[in-house]
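The primary structure of each chain is shown beneath.
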Amino acid sequence: MAVAVIGTGKIGSTLARAFGAAGLETVLGSRDPGAVADAPVKVVTVAEALAGADTVVLAQPGTAVDEFLAEHGPALDGRLVVDAANRLAAPVQNSAAEVAERAPGARYARAFSSQGVEVFADPLIGGTASDHLFSAAEEDRAAVEELISAVGLRPVYLGPDQYELVDRALWIWFRLAVAQGHGRHSGFRLLTDSDAPGSDARD
Ligand SMILES: NC(=O)c1ccc[n+]([C@@H]2O[C@H](COP(=O)([O-])OP(=O)(O)OC[C@H]3O[C@@H](n4cnc5c(N)ncnc54)[C@H](OP(=O)(O)O)[C@@H]3O)[C@@H](O)[C@H]2O)c1
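In short, a report on the structure.

## Focus on unusual backbone geometry
Right, so step 1: In the Ramachandran plot, Phe112 falls in the positive-phi region, its phi being about 60° despite a non-glycine side chain.
Right, so step 2: Phe112 sits in the buried class, given 28 other C-beta atoms within 10 Å.
Right, so step 3: With phi around 60°, Asp161 is a residue other than glycine that occupies positive phi space.
Right, so step 4: The residue Asp161 is located in the loop between strand S10 (154–157) and helix H7 (163–179) in this model.

Rendered as C-alpha cells:
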C-alpha cells in the first residue's frame with residue numbers, strides 16, 4: 001500500500017507517523033511543503049503525493065475538501081479515498097457525496113473521523129486498544145483495517161455505505177469526551193462472546 005496523507009496538521013502528521021512506523025509507504029501532501037517543520041515522513045506537494053499513491057487519506061479541514069476536490073478530483077481516479085475530515089458545521093459531516101461527484105473514479109471509505117487525535121496518537125486506553133468504527137466497500141475493508149491496525153486501534157467494520165452512522169459515533173464520542181468530561185483520550189470497545197478468555201478472539 002502506498003499512502004498519501006493530505007494535510008500536515010494534527011491528524012495528518014499523527015496518522016502519517018503511525019503508518020510510516022508500521023512500515024507502510026507513506027508521504028504527506030501539503031499546500032506548502034517547504035513550510036512544514038518536523039514532519040514524521042517525507043512531505044511533498046499534494047499533486048506529487050497523489051501521483052504516487054493508491055490510498056489517499058483526507059486530513060484537511062472539512063471546509064477545505066471541496067476546494068481540494070475541485071483541483072485534484074481527477075488525480076484521485078483509481079485511488080481509495082479514506083475520509084478523516086469533518087464538515088462540523090454542515091448537515092452531513094462526511095464528504096462521500098462530494099467525492100462521488102468530483103472524483104467518480106475513486107473509491108470511498110470513512111475512518112479516522114470519529115475519535116480525537118489523542119486516541120490516534122496513543123491508542124491504548126487503560127492498557128486496551130480502543131475500537132475504531134469505519135465504513136467502506138467490502139473490497140476495501142482489508143485495506144482500511146490495515147490502516148486502522150497500523151495506528152494501533154482495533155478496526156470495527158460497520159459495512160458499506162454507513163458513512164453517516166460513523167458520523168453519529170463522532171457526536172457520541174464528543175458528547176462523552178467533552179461534555180460529559182471523560183476526556184479526549186477516550187474510546188469504545190465492542191464486546192462479543194468471541195472475546196471470552198480461551199476463544200480464538202481477535203486481539
Ligand atoms: N483534531 C482531531 O482530534 C480530529 C479528529 C478526527 C478528525 N479530525 C478531522 O481531521 C481534519 C484535520 O484536523 P486537524 O485537527 O489535523 O486540523 P489542523 O491541525 O488544522 O490541520 C489541517 C491541515 O490541513 C491542511 N489544509 C489544507 N487546506 C487547508 C485550509 N484551507 N485551511 C487550513 N488547513 C488546510 C493544512 O496542511 P498544509 O498547510 O500542509 O496543506 C493543515 O495543516 C479535520 O477535517 C478534522 O475535522 C480531527
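## A few points about the sheet that holds strand S2 (residues 25–30)
Right, so step 1: In spatial order, the strands read S3-S2-S1-S4-S5-S6-S9-S10; together these eight strands make up an open sheet with mixed pairing. The open sheet has two edge strands, strand S3 (43–45) and S10, and neither has a second partner. Averaged over all neighbouring strand pairs, the angle between strand axes comes to 30°, with direction disregarded.
Right, so step 2: Pairing analysis gives four bridges linking strand S5 (residues 80–83) to strand S6 (residues 107–110), with the strands arranged parallel. By the bridge assignment for S6, Leu80 is matched with Arg107.
Right, so step 3: Helix H1 (residues 10–21) rests against strand S1 (2–6), S2 and strand S4 (55–58) of the sheet, and its axis sits at about 160° to S2.

Rules and cut-offs
- All residue numbers refer to positions counted from 1 along the written sequence of the respective chain.
- Per-residue local features are limited, in this predicted model, to residues with pLDDT of at least 70; the limit for side-chain atom pairs, both in listing and counting, is 80 or more; totals at the level of whole chains, interfaces and linings are taken over all residues.
- To sort residues by exposure, count the other C-beta atoms lying within 10 Å of each residue's C-beta; 20 or more gives buried, 12 or fewer gives exposed, and values between give partly exposed, all with C-beta atoms placed from the backbone.
- Every helix listed is a DSSP run of H or I at least four residues long, and every strand listed is a run of E at least two residues long, numbered separately from the N terminus.
- When DSSP finds at least two bridges between two strands, those strands are taken to pair.
- For helices, the fitted axis covers only the stretch in contact; all axes are lines through C-alpha atoms, and the angles between them, taken along N-to-C directions, range from 0 to 180 degrees.
- A residue pair is marked as a contact if its C-beta atoms, positioned from the backbone, fall within 7 Å.

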